[in-house]
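Overview (structure and organization)
Residue strings, one per chain:
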Amino acid sequence: MDYKYIEQLLDRYFQGETTLNEEQILKAFYAQGAADMPQELAVYAPLFDALSEQPKLGDDFDERLLKMTEGTKVVKARTVSLAERLRPLFGAAAVVAILLTLGNAINQSFKQDDTWVDAEEYAQRGQVKVDANEPAVAYEQNSDSLLLGKEARTAISVSDSLTSGGLN
């Protein structure tokens, strides 16, 4: 028998280039189980025996598969908007903004000059005119602001008592 054709089919089979008909020829050749088969070809006999013993799916395979999938829940796709996709980034951007703001505030506090300037030097820079009565003027301004604060607190407590419906 001419085994060159079978050898060519085997080479093409292992390269994945055979057609279904050629694979059927190989299966039929090995199914015959020729006793006078060369040793080079007999090596592949168990492979084709295993391939020929594959179980068939059967005619009712589709019905069985559909029965198995009947109880599954149908999942519907939903659209995700751009805002929903970017929501995690909004939080990250807020954290970065807070950190940058705090870092800038800390940096500015370290850059401030902590040296004290006396009143005369301050006046020499031309920013404030110093006169002999400066402490008295400062006291008057401070007491005026304290009185304004006391009046504001009184007005707030009166408005609170009116809105709450009773007196505190």
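It should be noted that the structure appears before, not after, this text.
**Some points on the overall build of the protein**
Tallying secondary structure elements over the protein gives 8 helices and 0 strands in all. Across the protein, helices and strands are ordered from the amino to the carboxyl terminus as α-α-α-α-α-α-α-α. Burial status across the protein gives 8% buried among its 168 residues. Taking contacts inside the protein between residues at least 6 apart in sequence as the whole, the part at least 24 apart equals 34%. With an accessible surface of roughly 14,900 Å², the protein has 58% of that area assigned to carbon and sulfur atoms.

**Things to note about the packing of aromatic side chains**
Applying the stated rule across the entire model yields 4 aromatic pairs. Measuring from ring centre to ring centre gives 6.0 Å for Tyr3 and Phe29, while their planes differ by 70°; the resulting arrangement is edge-to-face. Separated by 26 residues along the polypeptide, Tyr3 in the segment before α1 (4-14) and Phe29 in helix α2 (residues 20-32) bring together distant segments of the chain. Arranged with centres 5.5 Å apart and planes meeting at 75°, the rings of Tyr13 and Phe14 form a pair that is edge-to-face. Here the aromatic residues Tyr3, Phe29 and Tyr30 are joined through ring pairs into a cluster of three or more.

**Concerning the pattern of salt bridges**
In total, this model carries 3 salt bridges according to the counting rule given. Measuring nitrogen to oxygen at the nearest pair gives 2.8 Å for the salt bridge that ties Arg12 to Glu22. Taken together, the residues span a long stretch of sequence, with Arg12 in helix α1 and Glu22 in helix α2 at a distance of 10 residues. Owing to a relative accessible area of 30%, Arg12 belongs among the partly exposed residues under this scheme. Between Arg64 and Asp60 there is a salt bridge, with the nearest N and O atoms lying 3.6 Å from each other.

**Quick look at a nonpolar patch on the surface**
A cluster of nonpolar side chains, contributed by Phe14, Val43, Tyr44 and Leu47, occupies part of the molecular surface with about 350 Å² of accessible area. Take Phe14: it is sitting in helix α1.

**Notes on the nonpolar core**
Residues Tyr3, Ile6, Leu9, Leu10, Leu26, Phe29, Tyr30, Met37, Leu41, Ala45 and Phe48 constitute the largest nonpolar core, which totals 11 residues. Of all the elements in the fold, those that place two or more residues in this core are α1, α2 and α4 (45-52). In this view, Leu26 contacts Ile6, Leu9, Leu10, Tyr13 and Phe48; residues no more than four positions away in its chain are not counted.

**A short note on the packing of α1 against α2**
Close contact between α1 and α2 brings their axes to 10 Å; oriented N to C, the two are set at 125°. Regarding the angle of α1 to α2, the classification is oblique. Classified by chirality, the crossing of α2 by α1 is left-handed. Across the interface between the two elements, Tyr5, Ile6, Leu9, Leu10, Arg12 and Tyr13 of α1 pack against Glu22, Glu23, Ile25, Leu26, Phe29 and Tyr30 of α2. When its residues are assigned to classes, the contact of α1 with α2 shows 9 nonpolar, no polar and 3 charged.

The rules behind each value
- Residues numbered from 1 in each chain as written.
- Predicted model: local features only at pLDDT ≥ 70, side-chain atom pairs only at ≥ 80, totals over all residues.
- Heavy atoms only, no water.
- Helix = DSSP H or I, 4+ residues; strand = E, 2+ residues; numbered from the N terminus.
- Buried < 20%, exposed > 50% of the residue type's maximum accessible area, 1.4 Å probe, protein only.
- Contact = heavy atoms within 4.5 Å.
- Areas by Shrake-Rupley, 256 points an atom, 1.4 Å probe, with all protein chains shown as cover.
- Phe/Tyr/Trp six-rings, centres within 6.5 Å; stacked < 30°, edge-to-face > 60°.
- Salt bridge = Lys/Arg side-chain N within 4 Å of Asp/Glu carboxyl O.
- Patch = residues over 30% accessible without salt bridge, like charges linked within 9 Å, V, L, I, M, F, W, Y side chains within 5 Å.
- Core = buried A, V, L, I, M, F, W, Y, C linked by side-chain atoms within 4.5 Å.
- Axes fitted to C-alpha atoms, helices over the stretch in contact; angles between N-to-C directions.
- Parallel < 35°, antiparallel > 145°, perpendicular 65-115°, else oblique.
- Left-handed = near helix turned anticlockwise from the far one by under 90°.
- Nonpolar A, V, L, I, M, F, W, Y, C, P; charged D, E, K, R; others polar.

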